[in-house]
Amino acid sequence: MTFVEIDTLPGGGGLRVTDRIERRRCDLHTESEVTARVVDGSPFVVPVDTAVVVETDGLVFPQLVDTYVRDADGTLVREIGHFEEQRFPEGVYTVEFSAPIKLYLRVEGPLRVTSDATTVSVDLEGDPTVFAGARSYHDRPAATITTTEDPEDLLRAVSYLGSALKTVSPERSYPTLRGHPPAIELGEAFHVPAGLERPENGVTIEVPPSVESAFVVAPLAYYLGADVVPGDSPRVVTDRGFVHPLDGPEGFETVVERTLKQVFFLDCLVRTEGYYPVDLYERRAVEDAGVLPFDLAETYDQSLTEQLATYLTAPFEALEPHMPTWKLTGHVEPTPDRVETLPFLVDDLAVIRTPRGEELTPAQAQSAAIETFMRDTRGSHPDQSCGTAGCPPRLVRPEPVDSLEQAWAGADAPVGASKVTVKAYRNRLDQEPTMADFGIAVVCNDPEMLTEQETARDVYGSRDELPFDVTFYRNLSTDRLRLVLESDVDFLHYIGHIDDEGLRCPDGHLDARTLDRVGVDVFFLNACRSYEQGMALVEGGAIGGVSTFDEVINAGATTVGMTMARLLNGGFPVQAALNIASKESVVGGQYLVVGDGNVEVAQAETITPFILYVEPDGERYTVRFRAYPTRLCGLGTTATPALRGVGRNFLAGNVSREFAVEKEDLSALLRLGPTPVYVDGDLHWSEELSLDDL
């Protein structure tokens, strides 16, 4: 079954590509009307979910995305840089767009491909027959492994995570070529479904048989496609006699983390000698630093076991400054029942650690500024007892880590991390494809908080290219609010009060634990002490959302709410959006994500959302950027800013080097779509930022 459809645009002037499961949409425009006919059998050398054929002399993609032109065999002929025009002679070509849905055009030359300030166009000067293909980034477990609680069975289960790899070449550093690991569930006997096979590549990881060891090495075992077996001391061994210890002065967890990061990063550099020979900034930086004791081209042709031995001769400390910031660290309680969360964290290539953190009381988690304004809160009075059912469990602040996000799989409520549950991940897998517009409900149940709703009214659905259906409610009764929560709503933004009895309504309270079903997928409960209600929504069927674990003052909560609305509308995942928004208010530390923090409300304008850092520099501006990795476009994704003269790709997660940019070019970049922009450390929004005021 395919989730992707290609149809003629309303009015006939192009093609509309829709991913019905990931709720993404891309349009290709033509000057005249076209009719799309589904193709039986794909003409593409790459896998696509669906393909059509049309007759046209040209198509325009109305966004700036990385674009590649390949020959009939799939060999890269040219990467099309921003503000570039290239002509190609007679021949058969595939034009590849790294868009929110992967798009391909198979055409016959001569042709011209042009990337300007806002679009990428393909003009045909020969045969007008165009094949258009599309592939979803959607991925899910192909099977479920059953394991007992015995540590050796857990090691065997972890050995099969690498069965999802679509290649063991350096290209597995691309997220689309890794595949979702099989799910794992606890049972009375170990069982691997027929047809599920791990790669036979000569790599073995030996660890002492324990739950902790199985969890910590899981991401490395997945990425290497390694067999995990019991051993006296942790180490990686290959059938060629190479041995790499996984213990040392830094500790087992740190050495495993460094090994994963080093192999992954060097794969990203070496893969530029293969299918995507792009100009990668990180490769140039490492080569200029002279820290590689091997040749990248020669290494590309080696086997995986040979590459491992080659990679690990380079000093980690010399490579680390050039590596992208890792996306996710998962703190996973080393108990057998937590193994069911493991495949979902590994799918994000998360570093796995044993939970360690500082226990906090709600008062300790609050800043002095919050205490000062405690009388003006969205919830019950601050002297209310915390012995009621409405208070969260023990609060814990995870130990500091070097990653963009943190996840906590344990009994406690984490401060500064997402509280993940296997139920949330399974709810995501249970999503059904739909052709309905993306439904957003904004509920304001307190007239003193209308400012936040008005901002939400201006933001949600403001992007004309996205199929949003936004409904605004005020002062809903318990019955009407119940109806909203039980309806198929993709995203709920609740503004109001929550206390121990539930969500406050004009006629009483609605406790989410009493709902017959939860139809909401993603939520933002901008109210005091909404943790328990958020967890109830996840247990009832939601994928994830934002809650609070204590009191939040109105002014601060409104700031967080308005910032969250803009970030979610711009394509940032929920956890990423909260990480940014929480820094804009003294109450930001009171918020946390419950469920799957990777879930998105809207697709980004480009393949990943961007953060810009701008500093005035005389008549010009100094600009840096970070492409933020997401669930579908995770670690290994590359991006290029739409700036004149910037032709290199950067790995998502990295903050780029500085670029000197003219005012005209920066203005054009800011007009491309909603983007957070930091100027002198202050957050602005691209559509509202005036360069004349800087």
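Residues numbered from 1 in each chain as written. Predicted model: local features only at pLDDT ≥ 70, side-chain atom pairs only at ≥ 80, totals over all residues. Heavy atoms only, no water.

(A) Quick look at the overall build of the chain. Check the secondary structure of the chain and you find 17 helices and 41 strands. Over its C-alpha trace the chain gives a radius of gyration of 25 Å, about what one expects of a compact globule, namely 26 Å for 694 residues. Structurally, the chain occupies a C-alpha span of about 75 × 65 × 55 Å along its principal axes. In the chain, buried positions account for 62% of the 694 residues. Taking all contacts inside the chain whose residues are at least 6 apart in sequence as the whole, residues at least 24 apart take part in 70%. Within the structure as shown, the chain displays about 25600 Å² of accessible surface, and the carbon and sulfur contribution to it stands at 45%. Taken as two groups, the 58 positive and 112 negative side-chain charges of the chain have centres that lie 1 Å from each other. (Helix = DSSP H or I, 4+ residues; strand = E, 2+ residues; numbered from the N terminus. Rg over C-alpha atoms; globule rule 2.2 N^0.38 Å. Buried < 20%, exposed > 50% of the residue type's maximum accessible area, 1.4 Å probe, protein only. Contact = heavy atoms within 4.5 Å. Areas by Shrake-Rupley, 256 points an atom, 1.4 Å probe, with all protein chains shown as cover. Lys, Arg positive; Asp, Glu negative; His and termini not counted. Charge placed at Lys NZ, Arg CZ, Asp CG, Glu CD.)

(B) Representation of the sheet that holds strand β18 (residues 243-245) within the structure. Reading across from one edge, β16-β15-β17-β18 is the order of the four strands in this open sheet, with mixed pairing throughout. Only two strands of the sheet have a single neighbouring strand rather than two, namely β16 (227-230) and β18. Taken pair by pair, the neighbouring strands of this sheet meet at an average axis angle of 20°, ignoring direction. Both strand β17 (residues 235-238) and β18 contribute to a ladder of three bridges, which runs antiparallel. (Pairing = 2+ DSSP bridges. Axes fitted to C-alpha atoms, helices over the stretch in contact; angles between N-to-C directions.)

(C) Layout of the pattern of salt bridges. Tallying each qualifying case throughout the model produces 45 salt bridges. Note that Glu125 is salt-bridged to Arg87, the shortest N-O span being 2.6 Å. Taken as a pair, Glu125 in the loop between β11 (120-124) and β12 (129-135) and Arg87 in strand β9 (residues 84-98) lie far apart in primary sequence, 38 residues in all. Residue classification places Glu125 among the partly exposed positions, given a relative accessible area of 44%. Across the pair Arg353 and Glu399 runs a salt bridge, and its minimum N-O distance is 3.0 Å. (Salt bridge = Lys/Arg side-chain N within 4 Å of Asp/Glu carboxyl O.)

(D) Representation of the state of the cysteines. In this structure the tally under the stated criterion is zero disulfides. Cys633 provides the cysteine sulfur closest to Cys26, a residue in no disulfide bond, and the two sulfurs are 11 Å apart. Judged by relative accessible area, Cys26 falls into the buried class, the value being 3%. Note on Cys268: no disulfide assigned, nearest cysteine sulfur contributed by Cys633 at a separation of 14 Å. (Disulfide = S-S within 2.5 Å.)

(E) Quick peek at the sheet that holds strand β35 (residues 610-617). Across the sheet, five strands lie side by side as β39-β36-β35-β40-β41; this open sheet has mixed pairing. Whereas interior strands pair on both sides, the edge strands pair on one side only; in this sheet they are β39 (659-661) and β41 (682-685). Between one strand and the next, the sheet's axes are offset by a mean angle of 35°, whatever the strand orientation. Sheet topology places strand β40 (residues 676-679) next to β41; four bridges connect them, and they run antiparallel. Bridging from a neighbouring strand, Val677 pairs with His684 of β41.

(F) Inspection of the confidence of the model for the chain at higher detail. For the chain, per-residue confidence averages 89 on the pLDDT scale, and residues scoring 70 or more make up 93% of the total. Here residues 367-377 is a poorly scored stretch, pLDDT under 50, and it has 24 contacts once near neighbours within four places are set aside; other chains count. Note on residues 380-391: pLDDT is under 50 here. Beyond four places in sequence and across chains, it has 21 contacts. (pLDDT = per-residue confidence, 0-100.)

(G) The arrangement of helix α14 (residues 531-540) in detail. Judged by how many residues are buried, α14 sits mostly within the fold: eight of 10 residues are covered. All of the buried residues in α14 are Tyr531, Glu532, Gln533, Gly534, Met535, Ala536, Leu537 and Val538. Residue Gly541 follows α14 closely and has a positive phi angle near 145°.

(H) Quick peek at the packing of aromatic side chains. Evaluated as defined, the whole model comprises 17 aromatic pairs. Taken together, a centroid distance of 5.9 Å and an interplanar angle of 65° make the contact between Tyr223 and Phe264 edge-to-face. Of this pair, Tyr223 sits in helix α2 (residues 211-224) while Phe264 sits in helix α3 (residues 252-270), and the two are 41 residues apart along the sequence. Judged by relative accessible area, which is 0%, Tyr223 ranks as buried. Taken together, a centroid distance of 4.6 Å and an interplanar angle of 10° make the contact between Phe344 and Tyr425 stacked. Highlighted residues: Phe344 in helix α8 (residues 342-347) and Tyr425 in helix α11 (residues 422-429), separated in sequence by 81 residues. Here the aromatic cluster, defined as three or more aromatic residues joined through ring pairs, consists of Tyr281, Phe610, Phe625, Phe650 and Phe659. In this structure, Arg172 packs its charged tip against the face of Tyr223, placed 4.3 Å from the ring centre. If you follow Arg457 out to its NZ or CZ, it ends over the ring of Phe472, 4.1 Å from the centre. (Phe/Tyr/Trp six-rings, centres within 6.5 Å; stacked < 30°, edge-to-face > 60°. Lys NZ or Arg CZ within 6 Å of the ring centre and 35° of its normal.)

(I) View of the side chain of Thr148. Structurally, the position occupied by Thr148 is in the loop between β13 (144-147) and α1 (151-159). In terms of polar contacts, Thr148 uses its side chain to reach the backbone amide nitrogen of Asp150, at 3.2 Å. A polar contact is formed between the side chain of Thr148 and the side chain of Asp153, at a distance of 2.6 Å. Discounting residues that sit within four places of it in the chain, Thr148 has contacts with Asp153, Leu154, Leu186, Gly187, Glu188, Ala189 and Phe190. (Polar contact = N/O pair within 3.5 Å; in protein donor to acceptor, adjacent residues only side chain to side chain.)

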